[in-house]
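Spelled out from the first residue to the last, the chains are:
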Amino acid sequence: MAETAPRPTNFIRQIIDKDLAAGLHDKIATRFPPEPNGYLHIGHAKSICLNFDIAQDYQGMCNLRFDDTNPEKENIDFVNSIKADVQWLGYQWQGKERYSSDYFDALYGFAVELIEKGLAYVDFSTQDEVREMRGTLTAPGKNSPYRDTSIEENLAHFEKMKNGEYKEGQCSLRAKIDMTSAFMCMRDPILYRVKFAHHHQTGDKWCIYPMYDFTHCLSDAIEGITHSLCSLEFQDNRRLYDWVVENVSVDTIPHQYEFSRLNLEYTVLSKRKLIQLVEESHVSGWDDPRMPTVAGIRRRGYTASSVREFCQRIGVTKMENMVEMSMLEACIRDELNVSAPRRMAVLAPVKLIIENMDDGHVEWLDAPNHPNNPDMGTRKVPFAKEIFIEQEDFREAANKKFKRLVLEKEVRLRNAYVVKANRVEKDEAGNITTIFCTYDADTLGKDPADGRKVKGVIHWVSAVHAKDAEIRLYDRLFNVPNPAGEEDFTGSINPTSLTLMHGKVEHALSEEVTISSDTDALQSYQFERQGYFCVDKDSTTDKLVFNRTVELRDTWAKVEQAG
RNA sequence: UGGGGUAUAGCCAAGUUGGUAAGGCAGCGGGUUUUGAUCCCGCCAUUCGUAGGUUCGAGUCCUGCUACCCCAGCCA
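All of these numbers come straight from a predicted model, not from anything done at the bench. (Residues numbered from 1 in each chain as written. Chains lettered and ligands numbered in written order. Predicted model: local features only at pLDDT ≥ 70, side-chain atom pairs only at ≥ 80, totals over all residues. Heavy atoms only, no water.)

## Some details on the pattern of salt bridges
Pairing is possible between side chains that carry opposite charge, provided their charged atoms lie close to one another.
Step number 1: Taken as a whole and assessed by the stated rule, the structure comprises 45 salt bridges.
Step number 2: The shortest N-O distance in the salt bridge between Glu 528 and Arg 414 comes to 2.5 Å. Pair noted here: Glu 528 is in the loop between β25 (524–527) and β26 (531–535) and Arg 414 is in the loop between β18 (410–413) and β19 (418–426), with a separation of 114 residues, a long-range link.
Step number 3: Take Glu 528: its relative accessible area is 8%, and that puts it in the buried class.
Step number 4: Using a relative accessible area of 27% as the deciding quantity, one classes Arg 414 as partly exposed.
Step number 5: Note that Lys 504 is salt-bridged to Asp 468, the shortest N-O span being 2.6 Å. (Salt bridge = Lys/Arg side-chain N within 4 Å of Asp/Glu carboxyl O. Helix = DSSP H or I, 4+ residues; strand = E, 2+ residues; numbered from the N terminus. Buried < 20%, exposed > 50% of the residue type's maximum accessible area, 1.4 Å probe, protein only.)

## What about the protein's contact with RNA strand B?
Step number 1: Residues in close proximity to RNA strand B total 72 residues, the closest being Thr 69, Arg 342, Arg 414, Gln 526 and Lys 558.
Step number 2: Near-protein atoms of RNA strand B (within 4 Å) split between backbone and bases, with sugar and phosphate holding 67%.
Step number 3: Between a base nitrogen of RNA strand B and a side-chain N or O atom of Asp 236, the distance comes to 2.9 Å.
Step number 4: A distance of 3.0 Å separates a base nitrogen of RNA strand B from a polar atom in the side chain of Arg 404.
Step number 5: Secondary structure elements with two or more residues in the surface near RNA strand B: α5 (127–133), β6 (190–194), α8 (237–246), α11 (304–314), α12 (325–339) and α14 (555–562). (Near = heavy atom within 4 Å. Polar contact = N/O pair within 3.5 Å; in protein donor to acceptor, adjacent residues only side chain to side chain.)

## Some points on the domain arrangement of chain A
Step number 1: Partitioning chain A into structural domains gives domain 1 (16–259), domain 2 (271–341 + 468–562) and domain 3 (348–459).
Step number 2: Measuring from the centre of the C-alpha atoms in domain 1 to the corresponding centre in domain 3 gives 65 Å. (Domains from an automatic or database assignment.)

## Remarks on helix α1 (residues 11–21)
Step number 1: Those residues of α1 that fall on the buried side of the exposure criterion are Ile 12, Arg 13, Ile 16 and Asp 19. Projected down its long axis, α1 shows its buried positions confined to an angular sector of 120 degrees, all on one face. Residues Lys 18 and Ala 21 are exposed on α1 and point more than 90 degrees away from its buried face.
Step number 2: Looking at the packing, one finds that the buried side of α1 touches α2 (42–57), β8 (227–231) and β9 (255–259).
Step number 3: Between the side-chain oxygen of the N-cap and the backbone nitrogen of Ile 12 there are 3.0 Å, and the N-cap of α1 in question is Asn 10.
Step number 4: Following α1 by one or two positions, Gly 23 has its phi on the positive side, about 75 degrees. (Arc of directions from axis to C-beta. Contact = heavy atoms within 4.5 Å.)

## A look at the sheet that holds strand β23 (residues 467–474)
Backbone hydrogen bonds hold the strands of a sheet together, and the pairing may be parallel or antiparallel.
Step number 1: Here seven strands make up an open sheet; going across it, the order is β10-β25-β26-β27-β23-β24-β11 and the pairing mixed. Bordering the open sheet on either side are β10 (342–343) and β11 (345–346), each of which pairs with just one other strand.
Step number 2: Note: β23 against strand β27 (residues 544–551), four bridges, orientation parallel. Among the inter-strand pairings, Arg 472 is bridged to a residue of β27, identified as Asn 547.
Step number 3: This element, α12, spans β10, β25, β26 and β27 of the sheet and lies at about 120 degrees to β27. (Pairing = 2+ DSSP bridges. Axes fitted to C-alpha atoms, helices over the stretch in contact; angles between N-to-C directions.)

## Here we look at the UniProt feature "domain: Glutamyl/glutaminyl-tRNA synthetase class Ib catalytic" (unreviewed entry) in chain A
Step number 1: Here, UniProt's "domain: Glutamyl/glutaminyl-tRNA synthetase class Ib catalytic" (unreviewed entry) annotation points to residues 27–337.
Step number 2: Helix and strand shares over residues 27–337 are 40% and 12% respectively, and the end C-alpha atoms of the span are 39 Å apart. (UniProt positions renumbered as here; feature names shortened; annotations may be inferred.)

## Some points on the environment of Val 505
Step number 1: Its location among the elements puts Val 505 in strand β24 (residues 498–505).
Step number 2: For Val 505, a relative accessible area of 0% puts it in the buried group.
Step number 3: A C-alpha to C-alpha distance of 6.4 Å links Val 505 and Asp 468, two positions 37 residues apart in sequence.
Step number 4: When near neighbours in sequence (up to four residues on either side) are disregarded, Val 505 contacts Met 344, Ala 345, Val 461, Ala 466, Lys 467, Ala 469, Ile 471, Phe 527, Leu 544 and Phe 546.

## A look at the sheet that holds strand β15 (residues 386–390)
Step number 1: A sheet is described by the order of its strands in space; here seven strands give the open sequence β21-β18-β19-β20-β12-β15-β22, paired in mixed fashion. Two strands lie at the open edges of the sheet, namely β21 (457–458) and β22 (460–462), each paired on one side alone.
Step number 2: Here β18 runs beside β19; their pairing, made up of three bridges, is antiparallel. Opposite Arg 412, over in β19, you have Val 418 as the bridge partner.

## As for unusual backbone geometry
Step number 1: Positive phi, close to 50 degrees, is recorded for Gln 59, a residue that is not glycine.
Step number 2: Summarising the element assignment, Gln 59 is placed in the loop between α2 and β2 (61–66).
Step number 3: Not every positive phi belongs to a glycine, and Glu 408 is a case in point at roughly 70 degrees.
Step number 4: As for its placement among the helices and strands, Glu 408 is situated in the loop between β17 (405–406) and β18.

## Examining the environment of Tyr 192
Step number 1: Relative to the elements of secondary structure, Tyr 192 occurs in strand β6.
Step number 2: With 348 residues separating them in the primary sequence, Tyr 192 and Thr 540 have C-alpha atoms 52 Å apart.
Step number 3: For Tyr 192, the side chain forms a polar contact with the main-chain nitrogen of Tyr 108, separated by 3.3 Å.

## Things to note about a negative patch on the surface
Step number 1: Together, Glu 279, Glu 280, Glu 486, Glu 487 and Asp 488 make up a region of like negative charge exposed at the surface.
Step number 2: Among the structural elements, Glu 487 can be located in the loop between β23 and β24.
Step number 3: What makes Glu 487 exposed here is its relative accessible area of 73%. (Patch = residues over 30% accessible without salt bridge, like charges linked within 9 Å, V, L, I, M, F, W, Y side chains within 5 Å. Areas by Shrake-Rupley, 256 points an atom, 1.4 Å probe, with all protein chains shown as cover. Lys, Arg positive; Asp, Glu negative; His and termini not counted. Charge placed at Lys NZ, Arg CZ, Asp CG, Glu CD.)

Laid out in structure tokens, this is it:
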């Protein structure tokens, strides 16, 4: 669509431009490096778009690398869901996906090299001792008594570690850097720990696993990554990143740059909290349409291109941010406004009987699929004596601001005729059960001949032709902008984040909607005056299920609320 | 004075060598409209965390101050 869309500009691309101008690289290489210990969310999407778009725009490459150095928290289901999500977003990594565990042999060799250079040692201090000797933010640490063990002994100990001769927690391999450094991560960081854990990729081959700080930079170097992009909390770690790649024999020296994570209002984007939402059943699962996960957003009806557009709009900086939900919503509205066929659906029906129409009469009207795009064609809409309209579209009495159906007043039925409300029938409780109207047969596709102006237009469906549908309306999952800032974030969960409606959808939908569990083939519609909806995988031939992706902009709601 | 970072509108964010504050979202006003939608038009920072300084000229350079975020896992 927007062929002339300008390339985004951000500080990382500026660094790349400078590096390229300086002749530092002939090809840019990035990577997206998730740990397979959870599902991807919209915050990961920001990183995915950043890394893959840069690779694409600079004709470089982007790897998908699973940072799988902690087998106890990881599993193959997560790697599969992550691969599927990245692809759904529209990206393809270079070659086969990579794993940090692919490099365990090489990493072991680099560790040995460090020991041989006198830059690493096996420490038999307990975890508590290590913590105590590390010092604090304001007090320097103390050297471990194992710091000056000879190279030969260290080599032997490390070998034994690898061979499973030491218990978990009994010892660890540490870099020999500086226990007085102001960077806590430089106070002899642990490089390897003993873990008798089964690994989803390497099985039981290893009982020692390398730590993130040792693994990530070297994996980058091995893969020839030029620009290693990560989030702000790793800024201090960059010193260790640089120390490792400089002290080990690698061919290329990658560099790390940090950008700020995405924060989105009225939701949470931390893996721990997301897990809690699922495990405590606050949501139906990882793909609950209220979840900020890629799977949830997808099921909600967001397209991959709208998520990419969002990532483009929010930009990339080092500033702490809290993006408003309206930013995300605007992206999907912009897209669906152009692409989604219009349909009519009544969410909370009330019967309307047209008194001056014959009982069995059915008129098949043509209705455009899109008001501004005739190329999208038309569909047939049955008009008959009994129809349903929205309960909130009728009032017995109302002021001029209310542009809908009012007793003894007229309103336009969308794509059909002008009707006038004559009387209503109520049940014992006083609820309106039926509205009786007369229609003006000379108003199809034109205004009344006598010059009467009918302001309002409401949607409707033919009672006998309409199909029952469950319509799920979603609201924000939390009722505070920053739930992560609460003492207990689950306390601010919005109790009405999901509203089930038993509605009626127009006839055409019952024929065109295909029942499928294939979440990639999403069918989205605009239910006129209501919003954008997509077919949910829970749909059956007996009952269609729709998710409301997002409402239409609603200036009337504001007027009404204001009084 | 532990260290590392960040401050431009309600939110996100351009602003590259100092030359007189892009754009998007939200909001507000108006027009078109058989969706209170879309679309169109207009408005929305004399000022860039703050106090000084340099300069003909500072969001951009210098100095001081303030606020917020991150770091003391054998997690990533």
